[in-house]
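# Understanding the architecture of this molecule
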Amino acid sequence: FNIETGEPLVTVEEEDYSSVTAEYLLKKMKEDSRVVGITAGTPTVMGFTAEKRKEAGRQFVDVGIAEETAVALGSGIAANGGKPVFGVYSTFVQRTFDQISQDVCINNSPATIVTFWGSVYGMNDVTHLGLQDIPMMANIPNLVYLAPTTKEEYLAMLDWSLQQDNYPVAIKLPGGPMLSDGKEVHKDFSKLNTYEVTKQGSKVAILGLGTFYGLGQEVAEKLAEKTGVEATVINPYYITGLDTELLEKLKKDHSVVITLEDGILDGGFGEKIARFYGASDVKVLNFGLKKEFLDRYDVAGVLKENHLTAEQIVKDIEEIV
């Protein structure tokens, strides 16, 4: 930034999840005085520049660098009929695990938490890694943790979360560039843990969670080109629960199920799927990141090291099909 004026030297004009969040919430705030945006010292992660904070007025609260306070405040607002939305970098969720569990989830307060940059494509220094939110948040009772793959899915999830009063909801935004396909989302998110089959196939089923749904599509294409196997592709949406009916159906004509998740594998989404199939003949391959502290890493190198390229995944599938 310019030291004399404080003005940024680089401006980002492209739409991203931050700007989309601010635009969405400002509209909702004008329509409903119960909607409140909350930040813990990082207002621009939600796209709330000084100008937008002024526009939101008392419906936007910055508690300072105190994530614990932000979540406790959100729980209180929700318990009293408000519609709080707390936007937070994934790396800072660790500071407020206790409040999410004790204040929000035990009380089943219908607050909304949006986690940004919880991705291998996020911040990459060792004290700001955003790779552990799935193991942390996906195992707290009552919480519904959702993983959109596009802008449209994200906004549909926000709509549902603000309309309902039954659950605390968290939304894990995808890493990398924001994808937008312009398609309307008609899914009823109140039907918890219902996955969506986006391509029906056989033998191999691919569950691509959030960021890695696109990788799952790429794997399916390369697998078909190389082996002729047309894989089933699934968008799970729900990090916190299993679509047991669908998973049971897959047993009939699938021998291999693979999971892809943008985060640490230990305690993650894929392990839930593997546990479901544990006593069956279905083989499960979990793809994600191994548990380690990374620092100033190269994304491409980390993906390759963790067998997260389409070519590597297809090769791993070939070895067991």
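Notes on the structure in this doc start here. Computed from a prediction, not measured in an experiment: that's the story for all the values here. (Residues numbered from 1 in each chain as written. Predicted model: local features only at pLDDT ≥ 70, side-chain atom pairs only at ≥ 80, totals over all residues. Heavy atoms only, no water.)

Each helix and strand counted, the protein has 11 helices and 11 strands in total. What you see for the protein is a C-alpha radius of gyration of 20 Å, in line with the 20 Å of a compact globule of 321 residues. Taken over the C-alpha atoms alone, the protein extends approximately 60 × 45 × 35 Å along its principal axes. Counting every position in the protein, which comprises 321 residues, the buried fraction comes to 52%. For the protein, restricting intrachain contacts to residue pairs at least 6 apart in sequence, the fraction spanning at least 24 positions comes to 78%. By element, 49% of the accessible surface of the protein is carried by carbon and sulfur atoms, the whole surface being about 15000 Å². Put simply, the protein has 30 plus and 47 minus side-chain charges, and the middle of one group is 4 Å from the middle of the other. (Helix = DSSP H or I, 4+ residues; strand = E, 2+ residues; numbered from the N terminus. Rg over C-alpha atoms; globule rule 2.2 N^0.38 Å. Buried < 20%, exposed > 50% of the residue type's maximum accessible area, 1.4 Å probe, protein only. Contact = heavy atoms within 4.5 Å. Areas by Shrake-Rupley, 256 points an atom, 1.4 Å probe, with all protein chains shown as cover. Lys, Arg positive; Asp, Glu negative; His and termini not counted. Charge placed at Lys NZ, Arg CZ, Asp CG, Glu CD.)

Attention now goes to the sheet that holds strand 5 (residues 144-146). In space, the six strands of this open sheet follow the order 2-1-3-4-6-5, with parallel pairing throughout. Edge strands, defined here as strands with exactly one partner in the open sheet, are strand 2 (60-62) and strand 5. Taken over all neighbouring pairs, the strand axes of this sheet differ in orientation by 20° on average, direction set aside. Direction of pairing for strand 1 (residues 35-39) relative to strand 2: parallel, over a ladder of three bridges. Residue pairing for strand 2: isoleucine 38 is matched across the bridge by valine 61. The sheet strands contacting helix 1 (residues 17-31) are strand 1, strand 2, strand 3 (83-89) and strand 4 (112-116), and the helix crosses strand 1 at an angle near 145°. Lying on the sheet, helix 3 (residues 67-79) is in contact with strand 1, strand 2 and strand 3; it crosses strand 3 at an angle near 160°. (Pairing = 2+ DSSP bridges. Axes fitted to C-alpha atoms, helices over the stretch in contact; angles between N-to-C directions.)

It is worth spelling out the pairing of strand 3 at this point. Along strand 3, seven of the seven residues are buried, which leaves the element largely enclosed by surrounding structure. In strand 3, alternate side chains face the same way, and those of Lys83, Val85, Gly87 and Tyr89 on one face and Pro84, Phe86 and Val88 on the other are all buried. Pairing of strand 1 with strand 3, which is carried by four bridges, proceeds in the parallel orientation. Paired with valine 35 across the two strands is lysine 83, which belongs to strand 3. What joins strand 3 to strand 4 is helix 4 (residues 97-105), and the crossover it makes is right-handed. (Right-handed = clockwise from strand over helix to strand, strands pointing away.)

A few words on the sheet that holds strand 7 (residues 196-199). Across the sheet, which stays open at both edges, the five strands sit in the order 7-9-8-10-11 with mixed pairing between neighbours. Looking along the sheet, the strands with just one partner apiece sit at the ends: strand 7 and strand 11 (283-289). Pairwise comparison of adjacent strand axes, ignoring direction, gives a mean angle of 25° for this sheet. Here strand 10 (residues 254-264) pairs with strand 11 via six bridges, running parallel. Bridging from a neighbouring strand, isoleucine 258 pairs with leucine 285 of strand 11. Of the strands in this sheet, strand 8 (203-208), strand 10 and strand 11 are in contact with helix 9 (residues 269-276), which crosses strand 10 at around 155°.

Aromatic ring pairs are reported here in terms of the distance separating the ring centres and the angle at which the planes meet. This structure, assessed with the given rule, holds 10 aromatic pairs. Ring centres of tyrosine 89 and tryptophan 117 lie 5.3 Å apart, and the angle between their planes is 65°; on these two criteria the pair is classed as edge-to-face. Here tyrosine 89 is found in strand 3, whereas its partner tryptophan 117 is found in the loop between strand 4 and helix 5 (133-137), with 28 residues between them in sequence. Geometrically, the ring pair formed by phenylalanine 189 and tyrosine 237 is edge-to-face, given 5.8 Å between the ring centres and 85° between the ring planes. Here tyrosine 237 lies in the loop between strand 9 (232-235) and helix 8 (244-250) and phenylalanine 189 lies in the loop between strand 6 (169-172) and strand 7, a separation of 48 residues in the sequence. Grouping residues by exposure puts phenylalanine 189 and tyrosine 237 together as buried. Three or more aromatic residues joined by ring pairs form one cluster here, namely Trp160, Tyr167, Phe189, Tyr237 and Tyr238. (Phe/Tyr/Trp six-rings, centres within 6.5 Å; stacked < 30°, edge-to-face > 60°.)

A word on the nonpolar core. Counting residues in hydrophobic clusters, the biggest one holds 70 residues, and the most contacted among them are Phe48, Met137 and Tyr195. Formed by 29 residues, the second largest nonpolar core is a distinct cluster that contains Leu129, Val229, Leu303 and Val314. (Core = buried A, V, L, I, M, F, W, Y, C linked by side-chain atoms within 4.5 Å.)

It is worth spelling out the pattern of salt bridges at this point. Summed over the entire model, instances satisfying the criterion amount to 17 salt bridges. Measuring nitrogen to oxygen at the nearest pair gives 2.6 Å for the salt bridge that ties glutamate 55 to lysine 30. Of this pair, glutamate 55 sits in helix 2 (residues 50-56) while lysine 30 sits in helix 1; the two residues are 25 residues apart in sequence, bridging distant segments of the chain. The exposure class assigned to lysine 30 is exposed, which follows from its relative accessible area of 61%. As a salt-bridge pair, glutamate 311 and lysine 222 come within 3.6 Å of each other at their nearest N and O atoms. With glutamate 311 in helix 11 (residues 310-318) and lysine 222 in helix 7 (residues 213-227), this pair connects stretches of sequence that are 89 residues apart. Classification of lysine 222 as partly exposed rests on a relative accessible area of 26%. Here the residues in one salt-bridge network are Lys27, Lys28, Glu31 and Asp159, joined through shared partners. (Salt bridge = Lys/Arg side-chain N within 4 Å of Asp/Glu carboxyl O.)

From the geometry alone we can't say anything about function, so treat these as descriptive.
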